[in-house]
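# Geometric and topological summary
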Amino acid sequence: MPADRNAASAPSAAPGPDDPDEPNGRGGPGAADGADGDELTVRDPVSAPDAQGRPRRVTRRFPLFTKDTARPEGGGRAASGDAPAPARQWPVLAVLGLAGLGLLITAFDQFRLGTLLIGVALLGGGAMRWLLPDVGMLAVRSRFTDIVTYGVLGTVIVLLALMAQPHPLLQIPFLKDTLHFTVTSE
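The notes below deal with the structure included here. (Residues numbered from 1 in each chain as written. Predicted model: local features only at pLDDT ≥ 70, side-chain atom pairs only at ≥ 80, totals over all residues. Heavy atoms only, no water.)

Here we take up the overall build of the protein chain. What the protein chain contains, in helices and strands, is six helices and zero strands. Sequence-ordered secondary structure for the protein chain, helices as α and strands as β, is α-α-α-α-α-α. Burial statistics for the protein chain: of 186 residues in total, 23% are counted as buried. Here the analysis covers contacts within the protein chain between residues at least 6 apart in sequence; of these, 47% occur between residues at least 24 apart. (Helix = DSSP H or I, 4+ residues; strand = E, 2+ residues; numbered from the N terminus. Buried < 20%, exposed > 50% of the residue type's maximum accessible area, 1.4 Å probe, protein only. Contact = heavy atoms within 4.5 Å.)

With that settled, consider helix H3 (residues 90-107). Its 18 residues give H3 an end-to-end C-alpha distance of 25 Å, which sits within 8% of 26 Å, the value for a rise of 1.5 Å per residue. Among all positions of H3, only Pro-91, Val-92, Val-95, Ala-99, Gly-102 and Ile-105 are buried. Projection of H3 onto a plane perpendicular to its axis shows the buried side chains occupying an angular sector of 165 degrees, all on one side. Of the exposed residues in H3, those oriented more than 90 degrees away from the buried face are Leu-96 and Ala-107. Tucked inside the fold, the buried residues of H3 contact helix H4 (111-131). Of the residues trailing H3, Asp-109 is marked for its positive phi of about 70 degrees. (Expected span 1.5 Å × (residues − 1). Arc of directions from axis to C-beta.)

Limitation: the analysis is restricted to geometry and does not speak to function.
Written out as structure tokens, the structure is:
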């Protein structure tokens, strides 16, 4: 594989149409030699120039190393820049605080209430991601992906909390046939 990569990016040793030594090539006697700066000789397909004005090579391969990433839409500060750090990230702190409270309540042997709070925290995160233009660090991926992820995870956790034994608050009729390895009280 490394040999292919080097072969694709290295210029070929055989004379081609752009070779300055080739008599019929574009780099022959009538072409600019680059000293006057009017014309550039480019061997590969190019895209828009980079910041220094040099042409960039176009490739369809993914880069080996990520140079930068785009901020998710809505990933700016949730409050102004002069506000203290916790106030700038209030959406993610609200979700984490409610989920932490749910974990604490679950630790004190109130399983159903604690897991309901965790699910509601995720559903609230999805709602904030949908309704607010800037949610700070709550924005991880694209808006659509964040909403779907928070919504699905929150819904599943709430449903599982409502179906928890003993004395489930929600009973799904076909679930007994689907999960035939469950223990029943009948």
